Amino acid sequence: MARKRSPFSQIPAVDRVLHELENDAQLPPLPLPLITDLVRQKIESLRDHLKGGGESVGEFDEIVADIRADIVSLYQSRIHPVINGTGVIIHTNLGRSPLSKTVVEKLTQVGQYYNNIELDLGTGERGKRGGFLEIALANLIEAEAATVCNNCAAALILILKHLAKGEKNEVIISRGELVEIGGGFRVPDIMKVSGAQLVEIGATNKTTLEDYRDAITERTGMLLKVHRSNFYMEGFTHEPTTEELVELGKEFNLPVVEDLGSGAMLPTDSLAPIPHEPTATEVLNRGVDVVCVSGDKLFGGPQAGIIAGRADLVAGIKKEPFFRALRCDKLILTGLQETVIEYLKGKSGASADLPLIRKLSLTVDDLMPRAEAIVKALNHDAVSIGEGLARCGGGTMPKAEMPSVTIDISPKGVSLKKFAKRLRDRELPMVGYVADDKYRLDLRTIMPEQDAAVIENLKAVL
Ligand SMILES: *Cc1c(COP(=O)(O)O)cnc(C)c1O
């Protein structure tokens, strides 16, 4: 009588699968250790399946196909360029603000060679890390002093650690500003990790100057204002003006801090038909002692937190031991430095060459010739030019909408969901949006030099 074959004999050996994959010329170029691990995990899960009472694990070819799909999806998940056709200019899922070519060229040089990040070339002694950047940033913001750290969340933690500690760790904030900005930034949680004691005042829609005054005790460390970057309050609302809050702070000798977040450096309403977003300069001119903003929102640089304001307070914040844990590396410092230089060039006449500023300032007339060229090159009856509305995104300016031009596609014989997936699966993935039963690509957020790739991608899937 023939011995019953063990069900485990259906499971192929790791080497056999690897050998099969080796012969697949279309396999993504993922390093072999990662592929080997995926194969091992799959074989392990098949064994578990059988141990758990599963009957069959499928044919060899199916197993290899499954593993291949895992390899493709792991390969796709590495960070690499994407075409942003969403019309959302600062898209947090797509890396927020793109950097300018000039900035990236400087990054390449600093990254590739040694640099003087902490060397004073004049004396040959140890130098100040990011010293130039701090001077240039303070000049741009018209602040007494400025410094930078990992991101705006880190900036707020450092400010709280410095200004709300020990016997005076209470921070007074309006209930209307205990906001969540997105990406896990909740003001009450930030307070907790910083060791500050939150003192909530007022109601969600109304907070008066008297509410602030009544909450001040000998334990108060500072008054905090948080900009409602990503939502609007309208109707039966009230809050004291920044100037009133600053007066109150002076009366009790308390610093007033504003977490502004969005980081506009230029008047947004002069770039596009959108509302005016307060700038760090304006906030400081109203008398606020310290302001913090993000580096990769409307500022248009790499991820960073920018702290600006009174020189004594900025110096104190830099001396906090925790500052060391949140400091920026040489690439980020260089990216910020070159971005600030672009702005300062803009201030002195030439316009700031930053993708974010350009994207905000584009008009329908600027976009239309590109749309016409793309539609002409595709010459396909499923493709047409449409009107769209682009947005700032990144948790900034929720009311700002800019008229835009879209490439609209009504694919035949395939769902919009599948069509969108096919475009995300391209070597240079493309992300659009679905509206009015069409797949749409907003040209405002697509880099003009990517138009050829847009055509190629669409040709390949249509
Ligand atoms: C976006 C934002 C933050 C968080 O900024 P990150 O740089 O992402 O850490 C904090 N505060 C406000 C008001 C914001 O808009």
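Note that this is a predicted model, so its numbers are computed, not measured.

Rules of the game
Per chain, residue numbering runs from 1 following the sequence as it is written. In keeping with the model being predicted, local features are shown solely for residues with a pLDDT of at least 70 and side-chain atom pairs are shown and tallied solely at 80 or more, while totals for entire chains, interfaces and linings include all residues. Note: side-chain values were computed over all heavy atoms of the structure, leaving out hydrogens and water. Only Phe, Tyr and Trp rings take part, Trp by its six-membered ring, and two of them pair if their centres are within 6.5 Å. Stacked means planes under 30 degrees apart, edge-to-face means over 60, and tilted covers everything else. Strands are runs of DSSP state E lasting at least two residues, helices are runs of H or I lasting at least four, and both sets are numbered from the N terminus onward. Both a distance and an angle decide whether a charge sits over a ring: NZ of Lys or CZ of Arg must be within 6 Å of the ring centre and within 35 degrees of the ring normal. A pair of strands is considered paired only if DSSP assigns at least 2 bridges between the two. Axis definition: a line fitted to C-alpha atoms, over the contacting stretch in the case of helices. Angles run 0 to 180 degrees between N-to-C directions. Here the term buried applies to any residue with accessible area under 20% of the maximum for its type, exposed to any over 50%, and partly exposed to those in between, with areas from a 1.4 Å probe on protein chains only. Within 3.5 Å is the distance limit for a polar contact, defined as a pair of N or O atoms, with the added protein rule that one can donate a hydrogen and the other accept it, and that residues adjacent in sequence qualify only through two side-chain atoms. Two residues qualify as a contact provided that any one of their heavy atoms is within 4.5 Å of a heavy atom in the partner residue. Definitions used throughout: a 1 Å grid over protein atoms alone; a cavity as a set of points that fits a 1.4 Å probe which cannot get out; a pocket as an open set with protein on both sides within 12 Å along at least five of seven lines; a lining residue as one with an atom within 4 Å of a point. Grid points are joined across faces, edges and corners, and a volume is the space filled by probe spheres set on the points. The residue classification treats Ala, Val, Leu, Ile, Met, Phe, Trp, Tyr, Cys and Pro as nonpolar and Asp, Glu, Lys and Arg as charged. All others, Gly included, are polar.

Asks: Which parts of the structure should I look at to understand the packing of aromatic side chains?
Replies: The way to describe two aromatic rings as a pair is by their centre distance and the angle between their planes. This structure, assessed with the given rule, holds two aromatic pairs. Arranged with centres 5.4 Å apart and planes meeting at 35 degrees, the rings of Phe299 and Tyr343 form a pair that is tilted. You can see Phe299 sitting in the loop between strand E10 (290-294) and strand E11 (305-309) and its partner Tyr343 sitting in helix H13 (residues 330-347), a full 44 residues away along the chain. Its end group placed over the ring of Phe60, Arg16 keeps NZ or CZ at 3.6 Å from the ring centre. Cation over ring: Arg78 sits above Tyr75, and NZ or CZ is 3.7 Å from the ring centre.

Asks: Got a minute to help me understand the sheet that holds E10 in this structure?
Replies: Here we have seven strands laid out as an open sheet, ordered E3-E11-E10-E9-E8-E4-E7, and mixed in their pairing. Of all strands in the sheet, those bounded by a partner on one side alone are strand E3 (145-149) and strand E7 (197-201). Strand-to-strand twist in this sheet, taken as the mean axis angle between neighbours without regard to direction, amounts to 25 degrees. In this sheet, E10 lies alongside strand E9 (residues 256-261) in parallel orientation, the contact comprising four bridges. Each bridged residue has a counterpart across the sheet, and for Val257 the counterpart in E10 is Val290.

Asks: What's the story with the side chain of Asp408 in this structure? I'm lost.
Replies: Along the chain, the position of Asp408 falls in strand E13 (residues 396-409). Among the residues examined, Asp408 registers a relative accessible area of 3% and is labelled buried. Separated by 2.7 Å, the side chains of Asp408 and Thr406 make a polar contact. Leave out the neighbours within four places in its chain, and Asp408 touches Ala382, Val383, Ser384, Gly386, Lys438, Tyr439 and Arg440.

Asks: Would you take a moment to explain the environment of Val414 for this structure?
Replies: The topology assignment puts Val414 in the loop between E13 and helix H16 (416-424). Residues Val414 and Gln10 lie 404 residues apart in sequence; the distance between their C-alpha atoms is 36 Å. Those residues within four positions of Val414 in sequence are excluded, and the remaining contacts are Phe419 and Arg422.

Asks: How should the layout of surface pockets be read in this particular structure?
Replies: Any space left empty among the atoms is revealed by the rolling of a water-sized probe across them. Quantified by volume, the largest pocket comes out at close to 1500 Å³. Along the wall of the largest pocket there are 50 residues; nearest its centre are Leu94, Gly95, Arg96, Ser97 and Pro98. If you list the elements that add at least two residues to the lining of the largest pocket, you get helix H4 (101-112), helix H6 (152-163), strand E5 (180-182), E9 and helix H14 (355-361). Looking at the lining of the largest pocket residue by residue, the classes come out as 20 nonpolar, 20 polar and ten charged. Space inside the second largest pocket adds up to approximately 580 Å³. Forming the walls of the second largest pocket are 30 residues, and the residues nearest its centre are Lys225, His227, Arg228, Glu239 and Pro278. Secondary-structure elements contributing two or more residues to the lining of the second largest pocket are strand E8 (220-226), helix H9 (242-251) and E13. Looking at the lining of the second largest pocket residue by residue, the class counts come to ten nonpolar, eleven polar and nine charged.

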